[in-house]
Amino acid sequence: MRVLVVTHNYPRFPGDRAGAFVARLATLVAERGSEVHVVAPHAPGASEEQRDGDVQVRRFRYAPEALERIGYTGVLHRRAFTSPLTMAGLLPYFAAFRRAIAREVDRFQPALVHAHWWMPAGWLTPRRLPYIVTCHGSDVRLLEHAALRRLARPVLSQAAAVTTVSRFLAQDIRAALPDVAMRTMVTPMPVDVAHFASGRTAQRVHPPRILYAGNLVPSKGVDVLVEAFHQLRQRGVACELRILGGGPVAPSLHALARRLGVFDQIQWMPFVPQTGMPAEYGASTITVLPSRGQAEGLGLTLVEALLAGCAVVGTPAGGIPEVVVHEETGLLARGGDARDLARQIERLLTDAALRNRLTREGCERCTATFAPDVAAARVLALYEDVVASTPLG
């Protein structure tokens with residue numbers, strides 16, 4: 001079977017986290033006998049054409065290299081559709097993306113197209129071929145705007161199937177677009193279980209480390225984590241905090257930490273490549289994802305942490321409770337409540353039996369749900385169903 005994957009996010013270099021789950025799924029499908037090609041945007045320093053294992057990747061150019069800053073930055077789903085000026089700047093990008101897809105369809109003649117994110121990949125995919133759209137979270141939030149729901153409706157209603165990575169996101173899609181409810185299903189993305197399991201051999205640091213890894217944006221609630229860390233230090237709880245990542249709220253987080261007197265007690269670190277994350281989780285005692293609101297599609301860092309043998313604390317935001325079942329696979333703190341977050345972290349820091357039980361159960365459940373063989377089998381079965389139900393000619 002020939003499968004064309006269309007995405008605005010695909011790893012630009014070894015260890016890149018951008019679209020890593022998309023690449024992992026494409027590789028798994030190719031390893032099981034399908035021929036897989038990928039169309040993605042070019043980025044500074046990336047190859048225009050490369051062979052990624054069994055997967056052929058072609059990256060389209062849309063501007064001089066120094067100006068190719070649209071893909072991989074989050075601009076599409078954060079602010080592109082709230083500013084007419086920004087939207088106008090995207091028109092050359094959209095036009096180049098559409099042409100690249102059309103060229104690859106003509107050259108490759110795929111049996112189906114798998115578009116990741118309905119905007120822009122699904123929106124730009126030609127309707128003459130059977131196609132599947134996978135929504136990952138940020139694109140689901142776009143459906144909260146009436147104008148964008150109108151834009152999304154034909155994309156999702158004409159898709160052979162609409163998949164998403166969590167029950168939470170599937171419910172949101174069904175609520176926003178009831179006419180696509182029957183074709184919406186959950187297909188969790190594969191996680192490299194063996195890769196993250198290698199973190200279990202890492203030496204835990206002392207004092208116990210609390211880890212946050214991700215973008216520094218308001219919805220992640222990292223300010224609440226900084227306040228919770230301050231409270232833990234005030235109570236004399238032995239711990240350290242390591243923040244891996246970057247983003248627009250970094251300056252305000254630094255200011256908050258200075259105001260609370262804990263700036264120098266926090267390890268502020270840049271993003272770490274995927275290759276280094278098992279060791280980061282393994283050296284940490286607890287990984288925390290204190291998201292607020294509904295912007296968290298699943299909370300993949302929590303899955304990775306559990307696979308690496310690290311206990312987790314989350315909030316009831318978005319799809320996080322599908323990974324962190326309170327008192328079963330981890331602990332949940334009230335969103336935006338630094339005092340409760342500090343309390344849940346302290347429970348895990350001071351109760352080794354609880355920490356070990358929750359981590360063990362969480363690891364087992366994540367392995368059963370996200371193991372590559374399991375995830376690939378689900379998607380391949382869907383591909384076969386779609387192709388088998390497509391009329392010939």
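Peer 1: Would you mind going over the overall build of the protein with me for this structure?
Peer 2: Looking only at helices and strands, the protein features 15 helices and 14 strands. Split into buried and exposed, the 393 residues of the protein put 56% on the buried side. Sequence separation of 24 or more characterises 68% of the internal contacts of the protein that already satisfy a separation of 6 or more. In the structure as shown, the protein presents an accessible area of about 16,000 Å², 54% of it carried by carbon and sulfur atoms. Averaged over its 44 positive side-chain charges, the protein has a centre that lies 4 Å from the centre of its 35 negative ones.

Peer 1: How should the sheet that holds strand β1 (residues 2–6) be read in this particular structure?
Peer 2: Strand pairing in a sheet takes place through backbone hydrogen bonds and is either antiparallel or parallel in direction. With respect to topology, eight strands assemble into an open sheet ordered β3-β4-β2-β1-β5-β6-β7-β8, the strand pairing being mixed. The open sheet is flanked by β3 (49–52) and β8 (184–186), the only strands paired with a single partner. Neighbour-to-neighbour, the strand axes of this sheet turn through a mean angle of 25°, independent of strand direction. Packing against the sheet, helix α6 (residues 146–157) makes contact with β6 (131–135) and β7 (161–164), and its axis sits at approximately 130° to β6.

Peer 1: Help me out: how do you make sense of helix α14 (residues 352–370) in this one?
Peer 2: Count 3.6 residues to each turn of an α-helix, and residues three or four apart come out pointing the same way. Across its 19 residues, α14 extends 26 Å between first and last C-alpha, which sits within 8% of the 27 Å expected from 1.5 Å per residue. Looking at α14, one finds that the buried residues are Leu354, Arg355, Leu358, Thr359, Gly362, Cys363, Cys366 and Phe370. Viewed along the axis of α14, the buried residues span an arc of 150°, placing them on a single side of the element. Along α14, exposed side chains directed more than 90 degrees from the buried face belong to Ala353 and Ala368. Here the buried face of α14 lies against α8 (193–197), α12 (300–307), β13 (311–314), β14 (331–332), α13 (338–350) and α15 (372–388). For α14, the N-terminal cap is Asp351; the gap from its side-chain oxygen to the backbone nitrogen of Ala353 is 3.3 Å.

Peer 1: How should the pattern of salt bridges be read in this particular structure?
Peer 2: Charged atoms that come close allow side chains of opposite charge to pair. Per the counting criterion, the structure on display carries 26 salt bridges. We note a salt bridge from Arg58 to Glu49, for which the minimum N-O separation is 3.5 Å. Residue class for Arg58 comes out buried when judged on its relative accessible area of 18%. For Glu49, a relative accessible area of 48% gives the class partly exposed. As a salt-bridge pair, Arg167 and Glu322 come within 4.0 Å of each other at their nearest N and O atoms. Separated by 155 residues along the polypeptide, Arg167 in helix α7 (residues 167–176) and Glu322 in the loop between β13 and β14 bring together distant segments of the chain. Salt bridges linked by common partners bring Glu48, Arg61, Glu65 and Glu68 together as one network.

Peer 1: How should I be thinking about the packing of α13 against α14 in this particular structure?
Peer 2: Angle between the axes and distance between the axes are the two parameters that describe a pair of packed helices. For the pair α13 and α14, the least separation of the axes is 5 Å and the interaxial angle reads 100°. Put simply, α13 runs roughly perpendicular to α14. Note on element contacts: α14 touches α13 through Ala352, Leu354, Arg355 and Leu358, opposite Arg347, Leu348, Leu349 and Thr350. Here the contact of α13 with α14 is built from residues that sort into five nonpolar, one polar and two charged.

Peer 1: For this particular structure, what's the right way to read unusual backbone geometry?
Peer 2: Among all residues save glycine, negative phi is the norm, and among peptide bonds the norm is trans. The omega angle of the peptide bond from Met119 to Pro120 is 5°, so this bond is cis rather than trans. Within the secondary structure layout, Pro120 lies in helix α4 (residues 118–124). Going from His206 to Pro207, the amide bond is cis rather than trans, its omega being 5°. Mapping Pro207 onto the fold places it in the loop between α8 and β9 (209–213). The backbone phi angle of Trp117 is positive, close to 75°, even though this residue is not glycine. Residue class for Trp117 comes out buried when judged on its relative accessible area of 5%.

Procedures and definitions
Residues numbered from 1 in each chain as written. Predicted model: local features only at pLDDT ≥ 70, side-chain atom pairs only at ≥ 80, totals over all residues. Heavy atoms only, no water. Helix = DSSP H or I, 4+ residues; strand = E, 2+ residues; numbered from the N terminus. Buried < 20%, exposed > 50% of the residue type's maximum accessible area, 1.4 Å probe, protein only. Contact = heavy atoms within 4.5 Å. Areas by Shrake-Rupley, 256 points an atom, 1.4 Å probe, with all protein chains shown as cover. Lys, Arg positive; Asp, Glu negative; His and termini not counted. Charge placed at Lys NZ, Arg CZ, Asp CG, Glu CD. Pairing = 2+ DSSP bridges. Axes fitted to C-alpha atoms, helices over the stretch in contact; angles between N-to-C directions. Expected span 1.5 Å × (residues − 1). Arc of directions from axis to C-beta. Polar contact = N/O pair within 3.5 Å; in protein donor to acceptor, adjacent residues only side chain to side chain. Salt bridge = Lys/Arg side-chain N within 4 Å of Asp/Glu carboxyl O. Parallel < 35°, antiparallel > 145°, perpendicular 65-115°, else oblique. Nonpolar A, V, L, I, M, F, W, Y, C, P; charged D, E, K, R; others polar.

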